[in-house]
Amino acid sequence: MRQLLLSILFLATVGASVAQTKGQISYSMDFSSDNPDMAMALPMMQGSTMELCFMPEKSKVDLVMGTFMKMSTVIDVKADQGLMLMEMMGNKTATELKKISTAKPAEDQAGPKVETTSETKDIIGFKCTKTIVRDTDGGEIIIWVAKDLKAALQGQQQFTAKGIDGTPLEFSTEKNGMKIHFIATKFTGNVDKKIFSLKIPEGYTVMTEEELKNLGM
């Protein structure tokens, strides 16, 4: 389960970019598995969704994994800060993210390999190109990228995948026998700037970045 969660967090934060100065993309999520142990977790993941919101120098990802977990990550590039809110099994935790601009791999650190193919298809009105991303552990992610949506979302990524030119509107991967599929269902060109607040809501227990890392996040 832990590896599955890490895989989803990576997908939720993989480098995306959009041409519009602000907007919101809604994604539906689907899970499947031939592994009996992993399949037992499928019922509580049904109805999972992801929302990607953005405006100049600000971005937010809201991830809802059925009844299992809710996670919200806000990044403010100008302030060089972020906020991650998690709700899992009734526990609410908040982590303030500091120095986002320096939280990147070293230039000489091996990153994922990106292969752009000639295959295309339409997703919610955007022409998307099939792109294959292979990470350093041998994992493979198929991403359908809308090249007409550009402008980097800094900070909303676990590591930089150079070569992804546009916004992923559909992507899928398989980890430990669990297949995960995301697809965009709606794009809206407006977004309320109030949703990018870095203030910790009431009822959340503060967890440091170090404590979060110790949990494998």
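Nothing here was measured: the structure is a model prediction, and the numbers come from that model.

About the criteria used
Each chain carries its own residue numbering, running from 1 in the written order of its sequence. Local features in a predicted model are, by the rule used here, given only for residues with pLDDT of at least 70; side-chain atom pairs are given and counted only at 80 or more, and totals for whole chains, interfaces and linings are based on all residues. Based on all heavy atoms of the structure, the side-chain values leave hydrogens and waters out of the count. Strands here mean DSSP runs of E at least two residues long; helices mean DSSP runs of H or I at least four residues long; both are numbered from the N terminus. Exposure categories follow from relative accessible area, calculated using a 1.4 Å probe and restricted to protein chains: below 20% of the type maximum is buried, above 50% is exposed, and the middle band is partly exposed. Any two residues whose heavy atoms approach within 4.5 Å are treated as being in contact. In short, Shrake-Rupley with a 1.4 Å probe defines the accessible areas, and a residue's cover is counted only from the protein chains shown. Aromatic pairs are defined between Phe, Tyr and Trp rings, using the six-membered ring for Trp, whenever the two ring centres lie within 6.5 Å; interplanar angles under 30 degrees are classed as stacked, those over 60 as edge-to-face, and all others as tilted. To qualify as a nonpolar core, a set must consist of buried Ala, Val, Leu, Ile, Met, Phe, Trp, Tyr and Cys residues joined through side-chain atoms within 4.5 Å. In what follows, salt bridge is the name for a side-chain nitrogen of Lys or Arg lying within 4 Å of a carboxyl oxygen of Asp or Glu. When DSSP finds two or more bridges between two strands, those strands count as paired. In protein, a polar contact requires one atom able to donate a hydrogen and another able to accept it; more generally it is a pair of N or O atoms within 3.5 Å, and residues adjacent in sequence count only if both atoms are side-chain atoms.

J.: Please explain the overall build of the protein chain as it appears in this structure.
T.: Per the secondary structure count, the protein chain includes 3 helices and 12 strands. Of all 217 residues assigned to the protein chain, the portion counted as buried reaches 41%. The contacts of the protein chain with a sequence gap of at least 6 include a subset with a gap of at least 24, amounting to 58%. Total accessible area on the protein chain is roughly 11500 Å²; 50% of this is exposed by carbon and sulfur atoms.

J.: Please explain the packing of aromatic side chains as it appears in this structure.
T.: Two measures describe an aromatic ring pair: the distance that separates the ring centres and the angle between the ring planes. Summed over the entire model, instances satisfying the criterion amount to 3 aromatic pairs. Between the aromatic rings of Phe126 and Phe187, the centroid separation amounts to 5.8 Å while the plane-to-plane angle is 90 degrees, which identifies the pairing as edge-to-face. With Phe126 in strand S8 (residues 126-134) and Phe187 in strand S11 (residues 178-188), this residue pair connects regions lying 61 residues apart in the sequence. When its relative accessible area of 14% is taken as the criterion, Phe126 is described as buried. Classification of Phe187 by relative accessible area gives partly exposed; the value is 24%. The rings of Tyr27, Phe171 and Phe182 are connected pair by pair, giving a single aromatic cluster.

J.: Could you clarify how one ought to interpret the nonpolar core in this entry?
T.: Generally speaking, soluble globular proteins have nonpolar side chains that are buried together. Counting 40 residues, the largest nonpolar core has Tyr27, Met50 and Leu169 as its most contacted members. Here this core gets 6 residues from one element, more than from any other, and that element is strand S9 (residues 140-146). In this structure, Tyr27 is in contact with Thr49, Met50, Leu52, Thr167, Pro168, Leu169, Phe171, Phe182, Ile183, Ala184 and Thr185, ignoring residues within four places of it in sequence.

J.: Help me understand the environment of Thr73, please; the structure alone is not making it clear to me.
T.: Within the secondary structure layout, Thr73 lies in strand S4 (residues 69-76). The spacing of Thr73 and Lys60 is 13 residues in sequence and 5.5 Å in space, taken between C-alpha atoms.

J.: Please clarify how unusual backbone geometry should be interpreted in this entry.
T.: Where the residue is not glycine, phi is negative for most of them; where a peptide bond is considered, it is trans in most cases. Even without being glycine, Asp80 reaches a positive phi, approximately 60 degrees. Inspection of the secondary structure puts Asp80 in the loop between S4 and strand S5 (81-88). Phi is positive for Ile124, which is not a glycine, with a value near 40 degrees. Relative to the helices and strands, Ile124 resides in the loop between strand S7 (113-123) and S8.

J.: Please explain the pattern of salt bridges as it appears in this structure.
T.: Oppositely charged side chains may form a pair once their charged atoms are brought near each other. One pass over the full model with this rule turns up 6 salt bridges. Linking Asp62 and Lys60 is a salt bridge whose minimum nitrogen-to-oxygen distance equals 3.8 Å. Where salt bridges share partners, they join Glu115, Arg134 and Glu140 into one cluster.

J.: Where do I start with the sheet that holds strand S2 (residues 49-55) in this structure?
T.: Each strand in a sheet pairs with its neighbour through backbone hydrogen bonds, running either in the same direction (parallel) or in the opposite one (antiparallel). Across the sheet, 12 strands lie side by side as S7-S8-S9-S10-S11-S1-S2-S3-S4-S5-S6-S12; this open sheet has mixed pairing. The strands lining the two open edges of the sheet, one partner per strand, are S7 and strand S12 (205-206). Bridge count for S2 against strand S3 (residues 58-65) is 7 bridges, and the pairing is antiparallel. Bridge assignment links Met50 to a residue of S3, and that residue is Leu63.

J.: How do you make sense of the environment of Ser26 when you look at a structure like this?
T.: Looking at the element boundaries, Ser26 is found in strand S1 (residues 23-33). Along the sequence, Ser26 and Thr188 sit 162 residues apart, while their C-alpha atoms lie 8.6 Å from each other. Ignoring sequence-local partners within four residues, the contact set of Ser26 consists of Met50, Glu51, Ile183, Ala184, Thr185 and Lys186. Within the local environment of Ser26, its side chain forms a polar contact with the side chain of Glu51, the two groups lying 2.7 Å apart.

Interpretation note: all reported values are geometric properties and have no functional meaning in isolation.
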